[in-house]
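Given next are the chains, with one letter for each unit.
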Amino acid sequence: MSSKAIDDFLRILKKAPSGAVFNPWWQVDKQNDIGRNAPGIRRRQLRVYLRERLGKARLVVIGEALGYRGGHFSGIPMTSERILLGKKKDAGIQPEQIFSSITPRRTSKPQKCPDGFSEPTATIVWSTLLRLGLKPDQFVLWNGFPWHSFNPRAGMLSNRTPTKLERSAGLPMLEAFLELFPCHEIVALGNVAASQLENVNIEAHYVRHPASGGAKLFRQEIAEIVGKLP
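Residues numbered from 1 in each chain as written. Predicted model: local features only at pLDDT ≥ 70, side-chain atom pairs only at ≥ 80, totals over all residues. Heavy atoms only, no water.

Re the overall build of the chain
What the chain contains, in helices and strands, is 8 helices and 5 strands. In the chain, the succession of helices and strands from N to C terminus is α-β-α-β-α-α-α-β-α-β-α-β-α. For the chain, the spread of C-alpha atoms along the three principal axes comes to 45 × 40 × 40 Å. Across the 230 residues in the chain, those meeting the buried criterion constitute 55%. Carbon and sulfur atoms make up 48% of the accessible area of the chain, which amounts to about 10,400 Å² in all. (Helix = DSSP H or I, 4+ residues; strand = E, 2+ residues; numbered from the N terminus. Buried < 20%, exposed > 50% of the residue type's maximum accessible area, 1.4 Å probe, protein only. Areas by Shrake-Rupley, 256 points an atom, 1.4 Å probe, with all protein chains shown as cover.)

A closer look at helix H2 (residues 38-51)
The terminal C-alpha atoms of H2, which comprises 14 residues, lie 20 Å apart, in line with the 20 Å expected from a rise of 1.5 Å per residue. Considered for burial, the residues of H2 that qualify are Ala38, Pro39, Ile41, Arg42, Gln45, Leu46, Val48, Tyr49 and Leu50. (Expected span 1.5 Å × (residues − 1).)

Here we look at the nonpolar core
Judged by nonpolar contacts, the single largest core of 62 residues is most densely connected at Tyr49, Leu59, Leu129 and Phe177. With 7 residues, the top contributor of residues to this core is helix H6 (residues 164-180). Discounting residues that sit within four places of it in the chain, Phe177 has contacts with Phe9, Leu50, Val60, Ile62, Val140, Leu141 and Trp142. (Core = buried A, V, L, I, M, F, W, Y, C linked by side-chain atoms within 4.5 Å. Contact = heavy atoms within 4.5 Å.)

Some points on the packing of helix H5 (residues 120-131) against helix H8 (residues 215-227)
The geometry of H5 relative to H8 is characterised by a closest axis approach of 10 Å and an angle of 35 degrees between their N-to-C directions. Pair H5 / H8 crosses with right-handed handedness. For the pair H5 and H8, the contacting residues are Ile124, Val125, Thr128 and Leu129 in the first and Ala215, Phe218, Arg219, Ile222 and Val226 in the second. (Axes fitted to C-alpha atoms, helices over the stretch in contact; angles between N-to-C directions. Left-handed = near helix turned anticlockwise from the far one by under 90°.)

Describing the pattern of salt bridges
Close approach of charged atoms lets side chains of opposite charge pair. Taken as a whole, this structure holds 7 salt bridges when the rule is applied. Put simply, Lys56 and Asp137 hold a salt bridge, and the shortest N to O gap is 3.9 Å. With Lys56 in the loop between H2 and strand S2 (59-66) and Asp137 in the loop between H5 and strand S3 (139-149), the pair connects residues that are 81 residues apart, well separated along the chain. Overall, the relative accessible area of 45% leaves Lys56 in the partly exposed class. Glu166 is paired through a salt bridge with Arg160; the nearest N and O atoms lie 2.8 Å apart. Assessed through its relative accessible area of 9%, Glu166 is described here as buried. (Salt bridge = Lys/Arg side-chain N within 4 Å of Asp/Glu carboxyl O.)

Points about the pairing of strand S4 (residues 185-189)
Of all the 5 residues making up S4, 4 are buried; the element is thus mostly covered by neighbouring parts of the structure. Sheet analysis places S2 next to S4, joined by 4 bridges and oriented parallel. The residue of S4 that forms the bridge with Ile62 is Ala188. One crossover worth recording links S4 to the parallel strand S5 (residues 205-207) by way of helix H7 (residues 191-199), and it is right-handed. (Pairing = 2+ DSSP bridges. Right-handed = clockwise from strand over helix to strand, strands pointing away.)

Looking at unusual backbone geometry
Here the phi dihedral of Met78 falls at roughly 50 degrees; this positive angle occurs in a residue that is not glycine. Positionally, Met78 belongs in the loop between helix H3 (71-74) and helix H4 (81-84). Even without being glycine, Asn201 reaches a positive phi, approximately 60 degrees. With respect to the helices and strands, the residue Asn201 is situated in the loop between H7 and S5.

With respect to the packing of aromatic side chains
Within this structure, the stated rule accounts for 9 aromatic pairs. Measuring from ring centre to ring centre gives 6.0 Å for Trp25 and Trp142, while their planes differ by 15 degrees; the resulting arrangement is stacked. Of the two residues, Trp25 sits in the loop between strand S1 (21-22) and H2 while Trp142 sits in strand S3, which places them 117 residues apart along the sequence. With respect to burial, Trp25 and Trp142 carry one shared label: buried. One aromatic cluster in this structure is built from Phe9, Trp25, Trp142, Phe177 and Phe181. (Phe/Tyr/Trp six-rings, centres within 6.5 Å; stacked < 30°, edge-to-face > 60°.)

Notes on the side chain of Gln45
With respect to the element layout, Gln45 can be found in helix H2. At 2.6 Å, the side chain of Gln45 and the backbone nitrogen of Arg105 are in polar contact. Ignoring sequence-local partners within four residues, the contact set of Gln45 consists of Ser74, Ile76, Leu84, Phe99, Ile102, Thr103, Pro104 and Arg105. (Polar contact = N/O pair within 3.5 Å; in protein donor to acceptor, adjacent residues only side chain to side chain.)

Any functional reading would require information beyond the geometric quantities listed.
This is the structure:
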């Protein structure tokens, strides 16, 4: 699998549904981005993140949708700017574990959040998988709905569950991602992820989403799966 396959994948990510959906790799968040080059930075970071895991990942973890505290500004699912900026070392996460061949960059305006946005789910997922002994390139994170669905009344710095119609638009991207990373062990993080995988006829382990008090159960359930990896 080559870098060309990743570039092809990035191109199909352009096909986001219309409405209250933000495409961080191809759109500018005029209110919150550092500038017009922000989508290019996010594309580059996603490209390198995926390239460093091609042919190495043993575990795929599928979340629900991008969040404004995570991939909206980092360009990488379930990964926050604060992780990229080295501000989550106390949780056992080093920025070079996300990718090592380029220097990580933030894309949100510093005045919006001086230390970069932080996403609790991102911190929990990364720290748990690393503490379970997986190398950073042995797992890869994605979302059943790959873009950021926001509340139009609250603006870009909000999250909402994607609609059924929107989730359908995300299915071809999910299939394309799983062709890039044909791992035997696939984990669905929460109900939306499980439904999306079911819709593309992929068998997956279901684990509790770590949000809303689910962190302890998530850690227990993911530990059982990782412990049985070949």
